[in-house]
Amino acid sequence: MDRPHDKYNRLIERCQALTPTPTAVAHPCDQSSLEGALQAARLGLIAPILVGPTARILAVAEACGLDLTGIPIVDAPFSVASAEMAVQLVREGKAEALMKGSLHTDELMGAVVKSGTGLRTARRVSHCFVMDVPGHDDALIITDAAVNIAPTLEVKADILQNAIDLAHALQIDEVRVAVLSAMETVNPKVPSTLDAAALCKMMDRGQVTGALIDGPLALDNAIDPEAARVKGIKSPVAGRANVLLVPDLEAGNMLAKSLSFLAGADTAGIVLGARVPIILTSRADSLIARLASCAVAALVAQARRESAKLLG
């Protein structure tokens, strides 16, 4: 049964006043990836450049009744070549975002992080889910559930800053980060609680900026005010977190998929820390989630343009 997607609709509507973001779509060779890119273009979220085997893209469009009039296609013979060419379009300044098509995530990300020809920056690349959870007032950012498997404290600091920057690009008024663990007390036997405490002190010292942060927090007292009250946790974040930093990829992946498949949440996905935002969708994603991912990337690209103007 369809349900309202007010949070995602607000993101999409916010992009209507923006110029569509030139986006290299790597290997859109199935219906869901090609249709998602074209629908995002119709809504003015992105200006897609399709990168992949021209004959296959045209065949998919014809089989699915999709109109490619006016949509540029850059020919690339196979999936890895498509990823590399899409990255090259970014390096040449022809695209301000990347979008995953029907290739494997590791094929796209391999081209992104490739030494010398990729899109690395000084910041660690990380993934954020922007989740629309039924019954929860605000969108939830969960990170990192898709890229960094077992991040060190140093890597977590970059993951945290990427998520905070994303929250600001989404115009979240007050960014409240909960650094999650299995408990809300520091326990030397549980490394994630030590990392949480260190990240909070890094925020105090200005090594991470732009948010309120608390941790370690368990999931219940991070998002539920009553759970935080019962535990006696007094914090501007506890019970009100809108960014959840998970201990590792396994925890994040299980949390995101639990919300998706048990609570009916939708998951928009984006990779940050590269030169441009990367729209990382799954074949299981709904159309509204794909469109929301494009809207998130458009807002991030706009925030980067504004930041560049201020610095320039």
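An account of the accompanying structure is given in this report. (Residues numbered from 1 in each chain as written. Predicted model: local features only at pLDDT ≥ 70, side-chain atom pairs only at ≥ 80, totals over all residues. Heavy atoms only, no water.)

**Side note on the overall build of the protein chain**
Applicable threshold: Labels follow the DSSP assignment, with helices taken as runs of H or I lasting at least four residues and strands as runs of E lasting at least two, numbered in each case from the N terminus. Here the globule rule reads 2.2 Å times residues to the power 0.38, and the radius of gyration is calculated from C-alpha atoms. The buried label goes to any residue with under 20% of its type's maximum accessible area, the exposed label to any with over 50%, and the partly exposed label to all in between, with areas taken from a 1.4 Å probe on protein chains only. The contact criterion used throughout is that any non-hydrogen atoms of two residues lie within 4.5 Å. Here the open area of atoms and residues is found with the Shrake-Rupley method and a 1.4 Å probe, where only the protein chains shown may cover a residue. For the purpose of counting charges, residues Lys and Arg are taken to be positive, whereas Asp and Glu are taken to be negative. His and the chain ends are not included. We put the charge of a Lys on NZ, of an Arg on CZ, of an Asp on CG and of a Glu on CD.
Helices and strands together make up the secondary structure of the protein chain, namely 11 helices and 11 strands. Its C-alpha atoms give the protein chain a radius of gyration of 19 Å, near enough to 20 Å, the size a compact globule of 312 residues would have. Taking the principal axes of the C-alpha coordinates as reference, the protein chain spans close to 60 × 45 × 35 Å. Scored against the burial criterion, the 312 residues of the protein chain give a buried share of 51%. Sequence-distant contacts in the protein chain: of pairs separated by 6 or more residues, those separated by 24 or more amount to 71%. Accessible surface, the protein chain as shown: approximately 14100 Å² in total, 54% of it carbon and sulfur. Positive and negative side-chain charges in the protein chain, numbering 29 and 34 respectively, have mean positions lying 4 Å apart.

**Re the side chain of Ser-82**
As for its placement among the helices and strands, Ser-82 is situated in helix α4 (residues 79-91). Among all residues touching Ser-82, those that are not within four sequence positions of it are Ala-26, His-27, Val-51, Gly-52, Pro-53 and Ala-76.

**Some points on the nonpolar core**
Rule in force here: What we call a nonpolar core is a set of buried Ala, Val, Leu, Ile, Met, Phe, Trp, Tyr and Cys residues that are connected through their side-chain atoms within 4.5 Å.
In terms of nonpolar packing, the biggest core is built from 60 residues, with Leu-34, Leu-45, Ile-141, Leu-166 and Val-177 touching the most fellow members. When residues in this core are grouped by element, the largest group, 10 residues, is from helix α11 (residues 287-311). If we skip the residues at most four places from it in the chain, Val-177 touches Leu-160, Ile-164, Ala-211, Leu-212, Ile-213, Asp-214, Val-237, Val-243 and Leu-245. Formed by 25 residues, the second largest nonpolar core is a distinct cluster that contains Leu-89, Met-109, Ala-111 and Val-276.

**A few points about the pattern of salt bridges**
Pairing between side chains of opposite charge can happen when the charged atoms of each approach one another. Note the cut-off: Whenever a carboxyl oxygen of Asp or Glu lies within 4 Å of a side-chain nitrogen of Lys or Arg, that contact is scored as a salt bridge.
This structure, assessed with the given rule, holds 11 salt bridges. Notably, a salt bridge pairs Lys-156 with Asp-195, separated by 2.9 Å at the nearest N-O pair. With Lys-156 in helix α6 (residues 153-169) and Asp-195 in helix α7 (residues 191-204), this residue pair connects regions lying 39 residues apart in the sequence. Per residue, the accessibility class of Lys-156 equals that of Asp-195, and both read buried.

**So, the packing of α4 against helix α5 (residues 105-113)**
As a reminder of what qualifies: Every axis corresponds to a line fitted to the C-alpha atoms, with the helix fit spanning only the stretch in contact, and the corresponding angles, defined between N-to-C directions, vary from 0 to 180 degrees. Any angle from 65 to 115 degrees is called roughly perpendicular, while one under 35 is roughly parallel, one over 145 is roughly antiparallel, and all others are oblique. Crossing handedness is defined as follows: a turn of the near helix away from the far one that is anticlockwise and smaller than a right angle gives a left-handed crossing, while the clockwise case is right-handed. We call Asp, Glu, Lys and Arg charged. Ala, Val, Leu, Ile, Met, Phe, Trp, Tyr, Cys and Pro are nonpolar, and the rest, Gly among them, are polar.
Packing of α4 against α5 brings their axes to within 9 Å, and their N-to-C directions diverge by 40°. Accordingly, the angle class assigned to the pair α4 and α5 is oblique. Here α4 and α5 pass one another in a crossing that is right-handed. Facing α4, whose interface residues are Ser-79, Val-80, Ala-83, Glu-84 and Val-87, α5 presents Glu-107, Leu-108, Ala-111 and Val-112. Broken down by class, the residue content of the contact of α4 with α5 amounts to 6 nonpolar, 1 polar and 2 charged.

**Considering helix α1 (residues 6-14)**
This is how it is decided: The arc refers to the directions leading from the helix axis to the C-beta atoms.
Looking at α1, one finds that the buried residues are Lys-7, Tyr-8, Leu-11 and Ile-12. What you see down the axis of α1 is that its buried residues fit within an arc of 135°, all on one side.

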